[in-house]
Amino acid sequence: MSSVLFFLILLLLWQGAFWLLVDVLALCKAYALPSPVGVLERLITLTGNGTLLRAVGNSLLRGVIGYLAALILGLLLAHSEYLQKHVKPLILGIQTLPSICWVPFAILWFGLTTEAILFVVIMGSAFGIAIAVESAVKNVQPIYKKAALTMGATKLQLYRRVILPAALPEMISGAKQGWSFAWRALMSGEVMTTSIGLGQTLITGRDLADINQVMLVMLVIIVVGVVIDRGIFGILEKRVRKSRGLAQ
């Protein structure tokens, strides 16, 4: 209840600031400053004609497909001893690149297509996932591995019965972080293409000088990201940590 009250007060202050700066003091133009009422009007309009729902659906579909591909690639990179030994510095370097840096490659190789967006998502998140998974595996207590090997465990059994269960909580945290990378990379890809999605809807608002639409899409991007983070990864992480005795 306190959170609801806090956000209501925040909205009232926001609307009050808009009224003061635009209508009273005339320091800002209405098209340059969003307001809660204006954002609500755009929400009703874009929801009524199906534009917002279609954009959210397309973005989520692309995000999930790109994230799953990035997750698979990240796991392969993390579990390749050769890559860990010889290519790890390169992986660390690539991981620091902003997702927007991959957009020119994506457009030149794939054009303004969905494949270009998925390429940006994969390149923007796979390496972060790989680093997180590698860190999780390395943080497994060596005594667990030694005990399993002493009891005659094979390399496959060692991984399936010891390393994976012990590293799972940290791996889920890495996967959650990877989703945040993927979601941001998705928006970077969508703003550069003409495919219907949240990024394209945001750019349309900019082209129409509709600051309320821009603000609405930004809020939707935040809400979707938070819902997936809390509703999927948060619950999964809590259950795994609880089963490991790491949380109540």
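Residues numbered from 1 in each chain as written. Predicted model: local features only at pLDDT ≥ 70, side-chain atom pairs only at ≥ 80, totals over all residues. Heavy atoms only, no water.

A. Summary view of the overall build of the chain. Helix and strand counts for the chain come out as eleven helices and zero strands. Sequence-ordered secondary structure for the chain, helices as α and strands as β, is α-α-α-α-α-α-α-α-α-α-α. Here the C-alpha radius of gyration of the chain, 23 Å, is well above what a compact globule of 248 residues would show, namely 18 Å. Its C-alpha atoms give the chain principal-axis dimensions of about 80 × 50 × 30 Å. (Helix = DSSP H or I, 4+ residues; strand = E, 2+ residues; numbered from the N terminus. Rg over C-alpha atoms; globule rule 2.2 N^0.38 Å.)

B. View of the pattern of salt bridges. For the structure shown, the criterion picks out four salt bridges. A salt bridge links Glu 190 to Arg 62; the nearest nitrogen and oxygen atoms lie 2.7 Å apart. With a gap of 128 residues between them, Glu 190 in helix H9 (residues 155-190) and Arg 62 in helix H3 (residues 51-78) connect regions that are remote in the sequence. In this pair, the class of Glu 190 matches that of Arg 62, namely buried. Salt-bridge contacts for Arg 206 lead to Asp 207; the nearest nitrogen and oxygen are separated by 2.9 Å. Residues Arg 206 and Asp 207 agree in their burial class; the two are exposed. (Salt bridge = Lys/Arg side-chain N within 4 Å of Asp/Glu carboxyl O. Buried < 20%, exposed > 50% of the residue type's maximum accessible area, 1.4 Å probe, protein only.)

C. Representation of the confidence of the model for the chain in the model. Considering every residue of the chain, the mean pLDDT works out to 83; 97% of them sit at 70 or more. For the chain, helix H4 (residues 81-86) is the element with the lowest average pLDDT, namely 71, and helix H2 (residues 36-48) is the one with the highest, namely 91. (pLDDT = per-residue confidence, 0-100.)

D. Examining the packing of helix H6 (residues 103-110) against helix H7 (residues 114-138) more closely. Between H6 and H7, the least distance of the axes is 9 Å, while the angle of their chain directions is 145 degrees. Note that H6 runs across H7; the crossing there is right-handed. Of the residues in H7, those in contact with Val 103, Phe 105, Ala 106, Trp 109 and Phe 110 of H6 are Glu 115, Ala 116, Phe 119 and Val 120. In the contact of H6 with H7, the residues fall into eight nonpolar, no polar and one charged. (Axes fitted to C-alpha atoms, helices over the stretch in contact; angles between N-to-C directions. Left-handed = near helix turned anticlockwise from the far one by under 90°. Contact = heavy atoms within 4.5 Å. Nonpolar A, V, L, I, M, F, W, Y, C, P; charged D, E, K, R; others polar.)

E. The arrangement of helix H11 (residues 211-243) in detail. The end-to-end C-alpha separation of H11 is 47 Å, in line with the 48 Å expected for 33 residues at 1.5 Å each. Gly 234 marks where H11 bends most, by close to 35 degrees. (Expected span 1.5 Å × (residues − 1). Bend = angle between axes of the 7 residues up to and from the residue.)

F. Representation of a nonpolar patch on the surface. Taken together, the side chains of Trp 19, Leu 20, Val 24, Leu 25 and Leu 27 make up a nonpolar region of the molecular surface, amounting to roughly 510 Å² of accessible area. Take Trp 19: it is sitting in helix H1 (residues 2-24). (Patch = residues over 30% accessible without salt bridge, like charges linked within 9 Å, V, L, I, M, F, W, Y side chains within 5 Å. Areas by Shrake-Rupley, 256 points an atom, 1.4 Å probe, with all protein chains shown as cover.)

G. Quick peek at the nonpolar core. In terms of nonpolar packing, the biggest core is built from 38 residues, with Tyr 67, Trp 183, Leu 198, Val 220 and Ile 221 touching the most fellow members. For this core, the secondary-structure elements that each account for two or more residues are H2, H3, H7, H9, helix H10 (198-207) and H11. Per element, the largest residue contribution to this core is eleven residues, and it comes from H9. Setting aside residues up to four positions removed in sequence, Trp 183 forms contacts with Ser 59, Leu 60, Leu 198, Ile 221, Val 224 and Gly 225. Residues Leu 77, Ile 94, Val 103 and Phe 127 belong to the second largest nonpolar core, which totals 13 residues. (Core = buried A, V, L, I, M, F, W, Y, C linked by side-chain atoms within 4.5 Å.)

H. Layout of the packing of aromatic side chains. One pass over the full model with this rule turns up nine aromatic pairs. Relative to Trp 179, the ring of Tyr 67 lies with its centre 5.7 Å away and its plane at 85 degrees, an arrangement referred to as edge-to-face. With Tyr 67 in helix H3 and Trp 179 in helix H9, this residue pair connects regions lying 112 residues apart in the sequence. For Trp 179, a relative accessible area of 4% puts it in the buried group. Counting every residue linked through ring pairs, the aromatic cluster contains Trp 102, Phe 105, Trp 109, Phe 110 and Phe 119. (Phe/Tyr/Trp six-rings, centres within 6.5 Å; stacked < 30°, edge-to-face > 60°.)

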